[in-house]
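# Observations on chain architecture
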Amino acid sequence: DAPVWAPVAILAMLCLGLAALRQLRRRNVWPVAGLEPLYELAAPAPLAAGLIMVLMLLNLNFSGSWNLAYLPLLNPLDAMSLLALACLWTLGNTGAWRMRLGHAAPAIVAGLGLLWLTALWARVAHHFLGVAFTRVALEHSAVFQAGVSLLWTAFAIATMMLGSRRRLRQFWFAGVALLGVVGAKLLFVDLGQASLAIRTATLLGMGGLILVAGYFAPVPPKPESE
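Owing to the predicted nature of the structure, the values given are computational and were not obtained by experimental measurement.

Moving on: the pattern of salt bridges. As a working rule, side chains carrying opposite charge can pair if their charged atoms are close by. Tallied over the full model, the rule gives 2 salt bridges. Between Arg123 and Asp78 there is a salt bridge; the shortest N-O distance is 2.6 Å. Note that Arg123 is positioned in helix α6 (residues 104–129) and Asp78 in helix α4 (residues 76–92), a separation of 45 residues in sequence. Here Arg123 matches Asp78 in class, with each residue buried. The shortest N-O distance in the salt bridge between Arg135 and Glu139 comes to 3.0 Å. With Arg135 and Glu139 both in helix α7 (residues 135–139), this residue pair falls 4 residues apart, about one helical turn. Given a relative accessible area of 40%, Glu139 falls into the partly exposed group.

Encoded structure:
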């Protein structure tokens, strides 16, 4: 496995850069004084873009191997990924970014969070279940694919519940869409070799799951302006 320290160090530097800019904005000292809009929007943008790119590349290409045994969450790759997600979430919730991006910022962070969780499961399958950390091996691993389906289903239901409780219709529909993706994955990937009866039963089961999720997390009402 390629050494993980270089990309992890890059993530750390980008997070430190965003934290430094935030502190400068809070204190309103040189060189921020008088240039607040520039340092609130333009200055963090390249750091945020770099953070997103490195976070994706890191989780897609590194198995988390280092000089100690791999422990989920308690290793440099996962720890820095969580820190990067927290930095992006904090940036997206600042006033100027929230006004410009609206719900797009939390949606991007949620998508990156799902990518990280999926990669985390891939690393667990690699280190503890003997699945090679390659695209082909993961695609053909029944245990990995089953875990992904369960993970995505849980994530989708959590997104629907969040959208329902906070009246965020976009989040609720995103959760439903992800459940649909899981259903398609079960039919055409996980059960690709199964009989038609099993595939039909799986589809009905996913439909039932969507109904249950809709009962406990009903679709939020439309805003009155609509």
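Let's pick the thread back up.
Our focus in this paragraph is unusual backbone geometry. A positive phi angle, close to 75°, is found at Leu73, a residue other than glycine. Mapped onto the elements of the fold, Leu73 is located in the loop between α3 (44–61) and α4. The class for Leu73 is partly exposed, based on a relative accessible area of 42%.

Definitions and cut-offs
- Residues numbered from 1 in each chain as written.
- Predicted model: local features only at pLDDT ≥ 70, side-chain atom pairs only at ≥ 80, totals over all residues.
- Heavy atoms only, no water.
- Salt bridge = Lys/Arg side-chain N within 4 Å of Asp/Glu carboxyl O.
- Helix = DSSP H or I, 4+ residues; strand = E, 2+ residues; numbered from the N terminus.
- Buried < 20%, exposed > 50% of the residue type's maximum accessible area, 1.4 Å probe, protein only.

Note that all results are geometric; they support no functional claim without further evidence.
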